[in-house]
Amino acid sequence: LLARHAERRPPSAKAVAEWCDDLARQLRSGSTLRDAMTTTLPNDPATRRATDELRRRLDRGRSMADACRPPVDSGAHLGLAIIVITTAARLGGSPAPAIDRTAGTLRQRAVDADERTVHAAQARLSAHVLTAVPLAMLLLLLVTDDDVRATATSTLGATCIAVGLS
């Protein structure tokens, strides 16, 4: 199940940034944009899967502008990179600086997402604790205290517990 979900997820910002870095490196070494796009394979499986169609279009002789239509499942990060590459192909000149800036933007997006996850971790932990501790305490008291057990098994006590759980 996790493997299927990983296959369908859009490429992450970090993975697309690495691909953009590799593309820019190829371009600075003298490759054309077409050659860099067809020969630079992303390391990330999701990015590779999302860019396969783009490479096939280029291999079949389509123009860069025509081949760079964003794939359906590309996601926002790869979509940004494809738009920058398409614009660079249409305008001409050296696309390496634009692709480098795109990689920087995507790395910043990844850092921001990681920071949001870290800040939300305390709230998630608090929610788990506030859910688990009362239940654990009720179970402990049911096992150890006769008065609590008698109250919990009465109609009013069972109703209170059911309302509290719901």
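You'll find the structure just up there.
Attention in this report is confined to the structure presented alongside it. (Residues numbered from 1 in each chain as written. Predicted model: local features only at pLDDT ≥ 70, side-chain atom pairs only at ≥ 80, totals over all residues. Heavy atoms only, no water.)

## Comments concerning the overall build of the protein chain
Here is the rule we go by: Helix numbers and strand numbers start at the N terminus; a helix is a DSSP run of H or I with at least 4 residues, a strand a run of E with at least 2. The reference for a compact globule is 2.2 Å times residues^0.38; the radius of gyration itself is calculated from the C-alpha atoms. Contact criterion: two residues are considered in contact whenever any of their non-hydrogen atoms come within 4.5 Å of each other. Computed with a 1.4 Å probe, the accessible areas rest on the Shrake-Rupley method; for each residue, only the protein chains presented here act as cover.
Helices and strands together make up the secondary structure of the protein chain, namely 9 helices and 0 strands. For 166 residues, the compact-globule estimate of 2.2 N^0.38 gives 15 Å, and the C-alpha radius of gyration of the protein chain, at 27 Å, exceeds that figure by more than 25%. Sequence-distant contacts in the protein chain: of pairs separated by 6 or more residues, those separated by 24 or more amount to 57%. Summed over its atoms, the accessible surface of the protein chain is roughly 10500 Å², and 61% of this surface lies on carbon and sulfur atoms.

## Concerning the packing of helix H8 (residues 146-153) against helix H9 (residues 155-165)
As a reminder of what qualifies: Between the N-to-C directions of two axes lies an angle of 0 to 180 degrees, each axis being a line fitted to C-alpha atoms and, for a helix, fitted only over the stretch in contact. What sets the label is the angle itself: under 35 degrees gives roughly parallel, over 145 gives roughly antiparallel, 65 to 115 gives roughly perpendicular, and the rest give oblique. Throughout, the ten residues Ala, Val, Leu, Ile, Met, Phe, Trp, Tyr, Cys and Pro are labelled nonpolar, Asp, Glu, Lys and Arg are labelled charged, and all others, Gly among them, are labelled polar.
Put simply, H8 and H9 touch, their axes get as near as 4 Å, and they point 85° apart. With respect to each other, H8 and H9 are oriented roughly perpendicular. Residues Thr151, Ala152 and Thr153 of H8 form the contact with H9, whose own contacting residues are Thr155, Gly157, Ala158 and Ile161. When grouped by side-chain class, the residues that make up the contact of H8 with H9 number 3 nonpolar, 4 polar and no charged.

## What about a nonpolar patch on the surface?
As a reminder, the rule being used: The patches reported here contain residues having more than 30% relative accessible area and no salt bridge. Joining distances are 9 Å for like charges and 5 Å for nonpolar side chains (Val, Leu, Ile, Met, Phe, Trp, Tyr). Counted as salt bridges are all cases of a side-chain nitrogen of Lys or Arg within 4 Å of a carboxyl oxygen of Asp or Glu. Burial classification: accessible surface area is computed with a 1.4 Å probe over protein chains only, and a residue below 20% of its type maximum counts as buried, one above 50% as exposed, and the rest as partly exposed.
On the surface, a cluster of nonpolar side chains totalling about 260 Å² of accessible area is made up of Leu125, Val129 and Val133. On the basis of relative accessibility, which here comes to 48%, the residue Val133 falls in the partly exposed class.

## Comments concerning the pattern of salt bridges
Taken as a whole and judged by the stated rule, the model has 9 salt bridges. Between Arg149 and Asp146 there is a salt bridge whose closest N-O contact spans 2.2 Å. Separated by 3 residues within a single helix, Arg149 and Asp146 lie in helix H8, roughly one turn from each other. Judged by its relative accessible area of 31%, Arg149 falls in the partly exposed class.

## Notes on the environment of Thr131
In plain terms, the rule: Polar contacts here mean pairs of N or O atoms no more than 3.5 Å apart (in protein, one a potential hydrogen donor and the other a potential acceptor; neighbouring residues in sequence count only if both atoms are side-chain atoms).
Tracing the sequence through the fold places Thr131 in helix H7 (residues 96-144). Residue class for Thr131 comes out exposed when judged on its relative accessible area of 51%. Sequence spacing of Thr131 and Leu54 is 77 residues, and the spatial spacing of their C-alpha atoms is 48 Å. A distance of 2.8 Å separates the side chain of Thr131 from the backbone oxygen of Ala127, its partner in a polar contact.

## Quick notes on the state of the cysteines
What makes a disulfide is a covalent bond joining the sulfur atoms belonging to two cysteines. In plain terms, the rule: Only a pair of cysteine sulfur atoms within 2.5 Å counts as a disulfide in this structure description.
One pass over the structure, following the stated rule, counts 0 disulfides. Here Cys20 is not cross-linked by a disulfide; its sulfur's nearest cysteine counterpart is in Cys68, at 11 Å. A relative accessible area of 1% means that Cys20 is categorised as buried.

## Points about the side chain of Arg55
The topology assignment puts Arg55 in helix H4 (residues 45-59). At 3.2 Å, the side chain of Arg55 forms a polar contact with the backbone oxygen of Arg48. Excluding residues within four positions of it along the chain, Arg55 makes contact with Met37, Thr38, Thr40, Leu41, Pro42 and Arg48.

Function cannot be inferred from these measures alone, as they are strictly geometric.
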